[in-house]
Amino acid sequence: MRRGSILALLGIGLVAGGIATAVAVLPTWLPPDASRERGRIDFVFWFTIVICIAIFSLVVAVLIYSILKFRAAPDDDSDGPPIHGHTGLEIVWTLIPTVLVIAIGVVSAIVLSRDDAVGKNVLHVNVTAQQFAWSFQYPEAKNLTTGTLRLPVGRSVLLSFKALDVIHSFWVPEFGQKQDTVPGLHTTLHITPTKTGTFDVICTELCGLGHATMRTQAIVMTPAAFNTWLKGQTKATTSPNAAVSGAAVFKNQPCGSCHTLAAAGATGKVGPDLDKLPQWATQAHQPLEQFIRTSITDPNAYTQPGFPKNVMPPFASLPKAQLDALVQYLIQSSKKG
Ligand code: CUA
């Protein structure tokens, strides 16, 4: 091969590689990362991208060079030279992809096993998925249950999933992993948050009418702030005499993702407007308090006309103090509204 040809191939390859690198690096393709596991996954991503760019440059260089150099004249009807393969070349272009694919496989396997390796002092959180809400239970804090996921930064967290009805999927883009929740199956996900902040928890499995509203937040706090919060919550929900704030219950539970309630700044549209509760109770021929209570614990006993049946999950397991506070809060807020 002449020196000129090698230089031409090299030049085309460098230009193609430069363009591909710019496309890979300049736009922000990935969401910001906020977990150790996500960092490792990103490494596999970039490892693969570098290999892709190298192969792409090589193929484009040979392709463009061949098109320009070996182009047949318009009146050239002759056959090409009778070539019957080249064993050496075939071995090379089989071996290189084999080695690269094995390398990607090995790196992925290492990352997967490291991501799944639960660290010391694990925080266990039981996650329940149902149409169309997430709830989080902390066995460490007497099974405290909340509607937003709070986690301490830097600590190994093991989420254990349970689905009550259909398949859902847990996803926090910044944490980098998705995990399906399947009725009858026990699935888990290991996360080590690396940044404090508020991130979206998204259901990424089409699970019914309210799928798009099946969202909540993951709040990553400093370990000290997390422990203070956990202690405060445990006291509030376990001591029978503590005053439970209905507003806090409403906020902790996923009510606001489906319902509108001006007092709580909630603007959900899947279920009936809670600012009009007195009107709905009259329409259902029920006393307001009883109507609200039953609608929370047994929502399918009566469905508001104009809304689909069996959409709201029953919140029958809500502790009595919280249920009472929530009912009072809804009576007061809706009368104001
Ligand atoms: Cu749950 Cu989509």
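Cut-off values and rules
- Residues numbered from 1 in each chain as written.
- Predicted model: local features only at pLDDT ≥ 70, side-chain atom pairs only at ≥ 80, totals over all residues.
- Heavy atoms only, no water.
- Buried < 20%, exposed > 50% of the residue type's maximum accessible area, 1.4 Å probe, protein only.
- Helix = DSSP H or I, 4+ residues; strand = E, 2+ residues; numbered from the N terminus.
- Pairing = 2+ DSSP bridges.
- Axes fitted to C-alpha atoms, helices over the stretch in contact; angles between N-to-C directions.
- Arc of directions from axis to C-beta.
- Phe/Tyr/Trp six-rings, centres within 6.5 Å; stacked < 30°, edge-to-face > 60°.
- pLDDT = per-residue confidence, 0-100.
- Polar contact = N/O pair within 3.5 Å; in protein donor to acceptor, adjacent residues only side chain to side chain.
- Contact = heavy atoms within 4.5 Å.
- Core = buried A, V, L, I, M, F, W, Y, C linked by side-chain atoms within 4.5 Å.
- Patch = residues over 30% accessible without salt bridge, like charges linked within 9 Å, V, L, I, M, F, W, Y side chains within 5 Å.
- Areas by Shrake-Rupley, 256 points an atom, 1.4 Å probe, with all protein chains shown as cover.
- Salt bridge = Lys/Arg side-chain N within 4 Å of Asp/Glu carboxyl O.
- 1 Å grid on protein atoms, 1.4 Å probe; cavity = no way out; pocket = protein on both sides within 12 Å on 5 of 7 lines; lining within 4 Å.
- Points joined across faces, edges and corners; volume = space filled by probe spheres on them.

A. View of the pairing of strand 10 (residues 215-221). Counting buried residues in strand 10 gives five out of seven residues, a clear majority hidden from the surface. Direction of pairing for strand 4 (residues 149-152) relative to strand 10: parallel, over a ladder of four bridges. The residue bridging Pro 152 from the neighbouring strand is Met 221, located in strand 10. Pairing between strand 9 (residues 197-203) and strand 10: six bridges, direction antiparallel. What sits directly across from Thr 198, in strand 10, is Ile 219.

B. Up close: the sheet that holds strand 9. Taken together, the five strands give an open sheet; going across it, the order is 4-10-9-6-7, and neighbouring strands pair in mixed fashion. Only two strands of the sheet have a single partner each, and these edge strands are strand 4 and strand 7 (178-181). Ignoring which end each strand starts from, the neighbouring axes of this sheet average 25° apart. In terms of strand pairing, strand 6 (residues 168-171) meets strand 7 through four bridges, oriented antiparallel. Looking at the pairing, His 168 lines up with Thr 181 of strand 7.

C. Representation of helix 7 (residues 288-297) within the structure. Within helix 7, the full set of buried residues consists of Leu 288, Phe 291, Ile 292 and Ile 296. Take helix 7 and look down its axis: the buried residues cluster within an arc of 125°, on one side only.

D. Structural context of the packing of aromatic side chains. This structure, assessed with the given rule, holds eleven aromatic pairs. Arranged with centres 6.0 Å apart and planes meeting at 55°, the rings of Phe 250 and Tyr 329 form a pair that is tilted. In this pair, Phe 250 is assigned in helix 5 (residues 246-252) and Tyr 329 in helix 8 (residues 320-336), connecting sequence segments 79 residues apart. Given a relative accessible area of 13%, Tyr 329 falls into the buried group. Aromatic ring contacts, followed pair by pair, group Trp 134, Phe 161 and Phe 170 into a single cluster.

E. View of the confidence of the model for the protein. Taken over all residues, the pLDDT of the protein has a mean of 88, while the share at 70 or more is 96%. Mean pLDDT values over the elements of the protein span from 79, in helix 5, up to 97, in strand 6.

F. Examining the side chain of Ser 156 more closely. Its location among the elements puts Ser 156 in the loop between strand 4 and strand 5 (157-163). Taking relative accessible area as the criterion, Ser 156 reaches 7% and is therefore assigned buried. Within the local environment of Ser 156, its side chain forms a polar contact with the backbone nitrogen of Gly 119, the two atoms lying 3.0 Å apart. Once residues within four sequence positions are removed from consideration, Ser 156 is found in contact with Val 118, Gly 119, Lys 120, Asn 121, Val 122, Leu 123, His 190, Ile 191 and Thr 192.

G. Seen up close, the nonpolar core. In this structure, Val 125, Trp 134, Tyr 138, Leu 149, Leu 159, Phe 170 and Phe 175 are the most contacted members of the largest nonpolar core, which totals 36 residues. Among the elements of the structure, strand 1 (123-130), strand 2 (133-138), strand 4, strand 5, strand 8 (187-191), strand 9, strand 10 and helix 4 (223-238) are those that each provide at least two residues to this core. Setting aside residues up to four positions removed in sequence, Phe 175 forms contacts with Ala 34, Ser 35, Arg 38, Leu 151, Ile 191, Phe 199, Ala 218 and Val 220. Of all hydrophobic cores here, the second largest spans 22 residues; its members include Leu 274, Leu 323, Leu 326 and Ile 331.

H. Broad picture of a nonpolar patch on the surface. On the surface, a cluster of nonpolar side chains totalling about 440 Å² of accessible area is made up of Val 15, Ile 19, Val 23 and Trp 29. Among the structural elements, Trp 29 can be located in the loop between helix 1 (3-25) and helix 2 (36-69). Accessibility expressed as a relative area gives 55% for Trp 29, which makes it exposed.

I. Up close: empty space enclosed by the protein. What the rule picks out here adds up to one cavity of 30 Å³ or more. By volume, the largest cavity amounts to about 620 Å³. Taken together, 36 residues form the lining of the largest cavity, with His 259, Pro 272, Ser 295, Pro 299 and Met 312 sitting closest to its centre. Within the residue set of the lining of the largest cavity, elements represented by two or more residues are helix 6 (277-283), helix 7 and helix 8.

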